[in-house]
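Spelled out, the chains give:
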Amino acid sequence: MRMAGAIKLVVAVAVFLLTFYVISQVFEIKLDSNLGNLFDTKPPRYKCGISKACPEKHFAFKMASGAANVVGPKICVEDNILMSGVKNNVGRGINVALVNGKTGEALRTEYFDMWGGDVAPFIEFLKSIQDGTIVLMGTYDDGATKLTNEARLLIAALGSTAISNLDFRDNWVFCGGKGIKTKSPFEQHIKNNKDTNKYEGWPEVVEMEGCIPQKQD
């Protein structure tokens with residue numbers, strides 16, 4: 001009987017110690033987690049480095065115009081850099097990225113020289129854009145000299161309101177779409193003004209970010 005009692009006591013002590021160990025480990029893990037959350041002050045990173053996360057069924061984007069005639073524009077959609085100086089696919093004039101409005105997939109990137117080039121290829125390009133396509137544009141150096149009224153009207157049809165006032169060496173970024181029913185809320189424009197220019201002969205870089213609604217069937 002004494003032996004049986006001793007065995008029961010040993011088992012009880014072992015169970016108690018095991019239970020205490022498990023509880024202490026769980027508590028320690030939770031405490032470490034809470035302390036980690038308390039002292040982890042690193043802000044979260046969202047797609048394309050925008051300031052806050054986009055809601056569901058929206059595409060994150062961020063873009064910047066060129067800086068004078070030195071640094072090219074940059075266009076990012078859904079954390080994918082579509083155009084930049086690093087990618088070596090930007091140039092003087094108007095830089096354009098086309099994105100599938102349903103999937104967010106990049107379709108095409110082009111740039112059109114609006115200082116020494118011909119506007120005709122740009123007009124044909126604008127006419128070829130399919131309905132439902134997201135269109136992102138940014139200027140570099142000069143994006144207005146060769147623009148004709150026809151080209152401006154085609155861009156206005158994509159949702160732009162500032163294109164009619166775009167002049168020599170203005171900085172401009174725009175995000176619209178083919179078949180858009182209203183004017184786009186995504187557009188920034190800074191005038192070239194010798195009294196306020198940040199760079200000699202050019203205004204400061206203009207940047208823009210936002211969330212583009214996904215096209216629904």
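Calculation notes
Residues numbered from 1 in each chain as written. Predicted model: local features only at pLDDT ≥ 70, side-chain atom pairs only at ≥ 80, totals over all residues. Heavy atoms only, no water. UniProt positions renumbered as here; feature names shortened; annotations may be inferred. Phe/Tyr/Trp six-rings, centres within 6.5 Å; stacked < 30°, edge-to-face > 60°. Helix = DSSP H or I, 4+ residues; strand = E, 2+ residues; numbered from the N terminus. Core = buried A, V, L, I, M, F, W, Y, C linked by side-chain atoms within 4.5 Å. Buried < 20%, exposed > 50% of the residue type's maximum accessible area, 1.4 Å probe, protein only. Contact = heavy atoms within 4.5 Å.

- As annotated in an unreviewed UniProt entry, the protein chain is FAM3 metabolism regulating signaling molecule C from Sarcophilus harrisii.
- Taken verbatim from the UniProt record of the protein chain, the Sequence similarities (unreviewed entry) comment is "Belongs to the FAM3 family."
- A UniProt comment under Subcellular location (unreviewed entry) is attached to the protein chain, and it reads "Secreted".

1. Side note on the packing of aromatic side chains
Aromatic ring pairs are described here by two measures, namely the spacing of the ring centres and the angle between the planes.
For step 1, the next point in the chain: Under the counting rule described, the total for this entry stands at five aromatic pairs.
For step 2, the next point in the chain: Consider the rings of Phe61 and Phe186, whose centres lie 5.1 Å apart with planes at 80 degrees: the pair is edge-to-face. One end of the pair, Phe61, is in strand β1 (residues 58–64); the other, Phe186, is in strand β8 (residues 186–190), with 125 residues separating them in the sequence.
For step 3, the next point in the chain: Ring geometry for Trp172 against Phe174: centres 5.8 Å apart, planes inclined by 5 degrees, an arrangement best described as stacked.
For step 4, the next point in the chain: Connected via pairs of aromatic rings, a cluster forms that spans Phe112, Phe122 and Phe125.

2. Quick look at the nonpolar core
For step 1, the next point in the chain: Counting 23 residues, the largest nonpolar core has Val96, Phe122, Met137 and Trp172 as the members making the most contacts within it.
For step 2, the next point in the chain: Contributions of two or more residues to this core are made by β4 (93–100), α2 (119–128), β6 (133–140), α3 (149–156) and β7 (171–177).
For step 3, the next point in the chain: When neighbours within four sequence positions are excluded, Phe122 is seen to be in contact with Ile94, Val96, Phe112, Met114, Met137, Leu147 and Ile155.
For step 4, the next point in the chain: Counting residues in each nonpolar core, the second largest holds 18 residues, with Ala97, Ile134, Phe186 and Met208 among its members.

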